[in-house]
Amino acid sequence: RQRAEKGETPHCCAELPVVPPTTPPSEADLAALKKEIDELVEAKNAAFKALDTNETTRLHLKLSPLQSKWEEGTKELQSYADRLEEWQKGPKTRICEGLVKPDIVFFGEGPQTELLLVMGTSLQVMPFAGILGKVGPLCPRVLINREVVGHLEQEEPPMFFGNIGFRFGRDDNYRDVHIASDC
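Residues numbered from 1 in each chain as written. Predicted model: local features only at pLDDT ≥ 70, side-chain atom pairs only at ≥ 80, totals over all residues. Heavy atoms only, no water.

Draft legend 1. The arrangement of the overall build of the protein in detail. Helices and strands together make up the secondary structure of the protein, namely three helices and five strands. Along the protein, helices and strands appear, N-terminal first, in the series α-β-α-α-β-β-β-β. Looking at the protein residue by residue over its 183 residues, the buried ones come to 22%. Across the protein, every contact between residues at least 6 apart in sequence was considered, and the portion connecting residues at least 24 apart equals 68%. Counting every atom, the protein has about 13600 Å² of accessible surface; 55% of that belongs to carbon and sulfur. (Helix = DSSP H or I, 4+ residues; strand = E, 2+ residues; numbered from the N terminus. Buried < 20%, exposed > 50% of the residue type's maximum accessible area, 1.4 Å probe, protein only. Contact = heavy atoms within 4.5 Å. Areas by Shrake-Rupley, 256 points an atom, 1.4 Å probe, with all protein chains shown as cover.)

Draft legend 2. The arrangement of the sheet that holds strand β4 (residues 141–145) in detail. A sheet is described by the order of its strands in space; here three strands give the open sequence β3-β4-β5, paired in parallel fashion. The open sheet is flanked by β3 (116–119) and β5 (176–180), the only strands paired with a single partner. Across the sheet, the axes of successive neighbouring strands diverge by a mean angle of 15°, strand direction being ignored. (Pairing = 2+ DSSP bridges. Axes fitted to C-alpha atoms, helices over the stretch in contact; angles between N-to-C directions.)

Draft legend 3. Here's a closer look at the packing of aromatic side chains. Inspection of the entire model under this criterion finds one aromatic pair. Positioned above the aromatic ring of W70, the side-chain terminus of K34 is 4.9 Å from the ring centre. Above the ring of W87, the side-chain terminus of K92 is found at 4.4 Å from the ring centroid. (Phe/Tyr/Trp six-rings, centres within 6.5 Å; stacked < 30°, edge-to-face > 60°. Lys NZ or Arg CZ within 6 Å of the ring centre and 35° of its normal.)

Draft legend 4. Up close: the confidence of the model for the protein. When pLDDT is averaged along the protein, the result is 83; 82% of the residues meet or exceed 70. For the protein, helix α1 (residues 2–6) is the element with the lowest average pLDDT, namely 64, and helix α2 (residues 27–49) is the one with the highest, namely 95. (pLDDT = per-residue confidence, 0-100.)

Draft legend 5. Up close: the side chain of R175. Assignment of secondary structure puts R175 in the loop between β4 and β5. No salt bridge is formed by the buried R175; the nearest opposite charge belongs to D176, separated by 4.1 Å. Separated by 3.3 Å, the side chain of R175 and the backbone oxygen of C139 make a polar contact. Those residues in contact with R175 that lie beyond four places of it in its chain are V135, G136, P137, L138, C139, P140 and R141. (Lys, Arg positive; Asp, Glu negative; His and termini not counted. Salt bridge = Lys/Arg side-chain N within 4 Å of Asp/Glu carboxyl O. Polar contact = N/O pair within 3.5 Å; in protein donor to acceptor, adjacent residues only side chain to side chain.)

Draft legend 6. Representation of helix α3 (residues 53–89) within the structure. In this model α3 runs 53 Å from its N-terminal to its C-terminal C-alpha over 37 residues, within 8% of the 54 Å that 1.5 Å per residue would give. By the largest-angle criterion, S79 marks the main kink of α3, which is about 50°. Listed in full, the buried residues belonging to α3 are T56, L59, L63, L66, G73 and T74. Contacts from the buried residues of α3 go to α2. (Expected span 1.5 Å × (residues − 1). Bend = angle between axes of the 7 residues up to and from the residue.)

Draft legend 7. Expanded view of unusual backbone geometry. Of note, L51 is a non-glycine position whose phi angle comes to about 60°, a positive value. One can find L51 in the loop between α2 and α3. Given a relative accessible area of 72%, L51 falls into the exposed group.

Draft legend 8. The arrangement of the packing of α2 against α3 in detail. Put simply, α2 and α3 touch, their axes get as near as 9 Å, and they point 155° apart. Between α2 and α3, the angle falls in the class roughly antiparallel. For α2 against α3, the interelement crossing comes out left-handed. (Parallel < 35°, antiparallel > 145°, perpendicular 65-115°, else oblique. Left-handed = near helix turned anticlockwise from the far one by under 90°.)

Draft legend 9. Summary view of α2. With 23 residues, α2 ought to run about 33 Å at 1.5 Å a step, and its terminal C-alpha atoms sit 33 Å apart, in line with that. The elements touched by buried residues of α2 are α3. Taken from the residues just after α2, L51 is the one with a positive phi, measuring 60°.

Draft legend 10. Examining the environment of Q78 more closely. With respect to the helices, strands and loops of the structure, Q78 is situated in helix α3. Judged by its relative accessible area of 62%, Q78 falls in the exposed class. In this structure, the C-alpha to C-alpha distance between Q78 and P24, residues 54 residues apart in sequence, is 8.9 Å.

Structure (structure tokens):
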């Protein structure tokens, strides 16, 4: 809250682990994959010579991802020692500099919400406009928007808006806050 009042952008600042590089495929795995690729190339060439377009296409579709997997695996194996050494020398944690963002809540889910932040919306289209009523009666609701939207007494509320609108400026408002700002 203090950062928002100062006009600063809130950042996560959580300490996160720096994970080691993933183990690449072994040379034996890559050799087996290369053997399978070579066999498929021979079969594809035979199907092509026999003018069997269905078999040629089927084999090509099977061969293409295997070739990509082999190429990626070879690159991973070649660079693994350098990536592992870099990880071993470096710090094992980092500070998250990401912006604070809420998790996504899909319509119809019933999460236990502690705070509802509504930003940059007209609250005119359902089902999102109904999100105001999807939180409990004691959950604080904050609107960060240039103008007030979703007010209880607006002239044309969306269908089924009912008694769930924001209560800015009313005596019975105990949980709604409007911050007139860009989000």
